[in-house]
Amino acid sequence: MVNTVENDVLGYELALRFLDEEGDTRTAAAIRGNGPPPYLEGNLLAKYARYLMVLNTVMARRAPGDGTHFNQLADVFLGPEYGLMDKVNWVRGLFATFNAVYPQLLDVDLATQAATLEVPVYFTVGRHGR
């Protein structure tokens, strides 16, 4: 994310467009009830999660090739790489840190704060590269 607030607003708007296209007025109304981000009060994780879960669905449906219907959240819980306690601790960590850490990102705008970075960039094009 180059600009956290701009990214969040664009994601919020994309989620609402998707829900409107799907005819899911109930979820859209719940998201609109929070208004657009940034959220500064209350349970921030719950407010952001409401539209981020929709974006997870958008990405799963639009993923190319082998990634079609990929669901990042489901993979956290269904992937064999981690045991039950790892998964429980992942959720606990998310709840413990999001409300404290995310507000610190509100002033991040890398377009102005780090407009130029001198690092090498390499592109590798694979089977689904464009």
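Structure shown above.
Residues numbered from 1 in each chain as written. Predicted model: local features only at pLDDT ≥ 70, side-chain atom pairs only at ≥ 80, totals over all residues. Heavy atoms only, no water.

1. With respect to a nonpolar patch on the surface
On the surface, a cluster of nonpolar side chains totalling about 390 Å² of accessible area is made up of Phe77, Leu78, Trp90 and Leu94. Of all the secondary structure elements, the ones that give two or more residues to the nonpolar patch are helix H4 (72–78) and helix H5 (84–101). Locating Leu78 in the fold gives a position in helix H4. (Patch = residues over 30% accessible without salt bridge, like charges linked within 9 Å, V, L, I, M, F, W, Y side chains within 5 Å. Areas by Shrake-Rupley, 256 points an atom, 1.4 Å probe, with all protein chains shown as cover. Salt bridge = Lys/Arg side-chain N within 4 Å of Asp/Glu carboxyl O. Helix = DSSP H or I, 4+ residues; strand = E, 2+ residues; numbered from the N terminus.)

2. Considering the packing of aromatic side chains
According to the stated counting rule, one finds seven aromatic pairs in the structure shown. Their ring planes at 70° and their centres at 4.9 Å tell us that Tyr39 and Tyr48 sit as a pair that is edge-to-face. Residue Tyr39 shares its accessibility class with Tyr48, and that shared class is buried. Consider the rings of Phe77 and Trp90, whose centres lie 5.9 Å apart with planes at 90°: the pair is edge-to-face. Here the residue Phe77 occupies a position in helix H4, and Trp90 occupies one in helix H5, the gap between them amounting to 13 residues. One aromatic cluster is present, formed by Tyr12, Tyr39, Tyr48, Tyr51, Phe98 and Tyr102 through successive ring pairs. (Phe/Tyr/Trp six-rings, centres within 6.5 Å; stacked < 30°, edge-to-face > 60°. Buried < 20%, exposed > 50% of the residue type's maximum accessible area, 1.4 Å probe, protein only.)

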